[in-house]
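Each chain is listed here by its residues.
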Amino acid sequence: MKNTLFVFFTLVAGWQGFAQVQSPKASPACKIEQKVGLSDLKIEYYRPSAKGRSVFGDVVPFDQLWRFGANENTKLSCSDALIFGKDTLPAGTYAIYAKPSKNTWEIYFYTETTNWGLPEQFDAKKVALTLYIPTQKTASFVETFSLNFDALTNNSAQLVMTWENTQLAIPFTLNTKDKVLASIQKTMAGPSANDYHAAANYYFTENLDLKQALEWSTKAVEMRGPSAYWMTRLNAQLKAANGDYKGAIETAKLSMEEARKDNDENYVHMNEKSIAEWSKK
């Protein structure tokens, strides 16, 4: 009986230690992912509601720093730089803070993103960019704090905040044109040395068309030059696989020489071993 009670209380104690009651958050989490042009943008934030309260100037005081949401930092992530007029925000992840006023808000993009609410000590050195954005009054009442991306084009968008009867639109642009032109030029120029090498290596590994693999490998070596000794090594292997042992040995010696310059003893050893093997053919 004592043993049974001991096991029972042990189980209860363990359950109390690990069990957690799950209930809805007062300010639920939200994540928005948006493609703008060729860039990936993401907003992660928590959404408080008015619940009959007067928000701006009361729950959220004017002229004081505000977390721009609830709970953990509201975070903006961007894969490319965002351009706000004459100012540029580099690619990265930022906490967003705001200092509301009746007509114009100050918006801060902060490099530290791990705070619960506001930083204990606000550090101006961690402010990547400050913007001054005028507000607008909305005709309809918005109960829950909302962020979204709007007015999307290939080169621009707006980060829009709406809550209560206040709207804040933060327009920005991106260098989509430069990325597209770079992509076009790369594609029209044809495969790179790495592309040829990767294709040749796959064919060699899978024992597919080894003559085709040798053509691709030779193009890669011609484009990169002898300093890419790992490419020259594959070229030697493919020559041997196609029966050209003399050419394979000569090419392996080039690979070994460049590997020595780079202190890559692994490639030196592999080439030495292959040369010894092919010399017997």
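That block above? That's the structure.
All figures in this text were calculated on a predicted structure; none of them were measured in a lab.

Rules and cut-offs
Residues numbered from 1 in each chain as written. Predicted model: local features only at pLDDT ≥ 70, side-chain atom pairs only at ≥ 80, totals over all residues. Heavy atoms only, no water. Core = buried A, V, L, I, M, F, W, Y, C linked by side-chain atoms within 4.5 Å. Buried < 20%, exposed > 50% of the residue type's maximum accessible area, 1.4 Å probe, protein only. Helix = DSSP H or I, 4+ residues; strand = E, 2+ residues; numbered from the N terminus. Contact = heavy atoms within 4.5 Å. Axes fitted to C-alpha atoms, helices over the stretch in contact; angles between N-to-C directions. Parallel < 35°, antiparallel > 145°, perpendicular 65-115°, else oblique. Left-handed = near helix turned anticlockwise from the far one by under 90°. Nonpolar A, V, L, I, M, F, W, Y, C, P; charged D, E, K, R; others polar. Pairing = 2+ DSSP bridges.

**Points about the nonpolar core**
Step number 1: By size, the foremost hydrophobic cluster in this structure holds 36 residues, and its most contacted members are Phe68, Ile107 and Phe109.
Step number 2: For this core, the elements supplying multiple residues, two or more each, are β1 (29-36), β2 (39-46), β3 (75-78), β4 (82-84), β6 (92-99), β7 (104-110), β8 (127-150) and β9 (156-173).
Step number 3: Take this core: its biggest share by element is seven residues, from β9.
Step number 4: Residues within four places of Phe109 in sequence aside, it is in contact with Leu76, Phe84, Leu89, Tyr94, Ala95, Ile96, Lys126, Val127, Ala128, Leu129 and Leu131.

**Comments concerning the packing of helix α3 (residues 193-206) against helix α5 (residues 229-241)**
Step number 1: Two elements in contact, α3 and α5, have axes whose closest approach is 11 Å; the angle formed by their N-to-C orientations is 40°. Considered as vectors, α3 and α5 are oriented oblique to each other. Considering only the axes of α3 and α5, their crossing is left-handed. Taken together, the residues of α5 that come into contact with α3 (itself represented by Ala193, Asn194, His197, Ala200, Asn201 and Phe204) are Trp230, Met231, Leu234, Gln237, Leu238 and Ala241.
Step number 2: Classifying every residue of the contact of α3 with α5 gives eight nonpolar, four polar and no charged.

**Considering the pairing of β6**
Step number 1: Sheet topology note: the β3/β6 ladder contains four bridges and is antiparallel. From the neighbouring strand, Lys75 faces β6, where its bridge partner is Ala95.
Step number 2: The pairing of β6 with β7 spans five bridges and is classified as antiparallel. By the bridge assignment for β7, Lys99 is matched with Glu106.
Step number 3: Remark: four residues form the turn of the hairpin made by β6 and β7, two consecutive strands paired antiparallel.

Any functional reading would require information beyond the geometric quantities listed.
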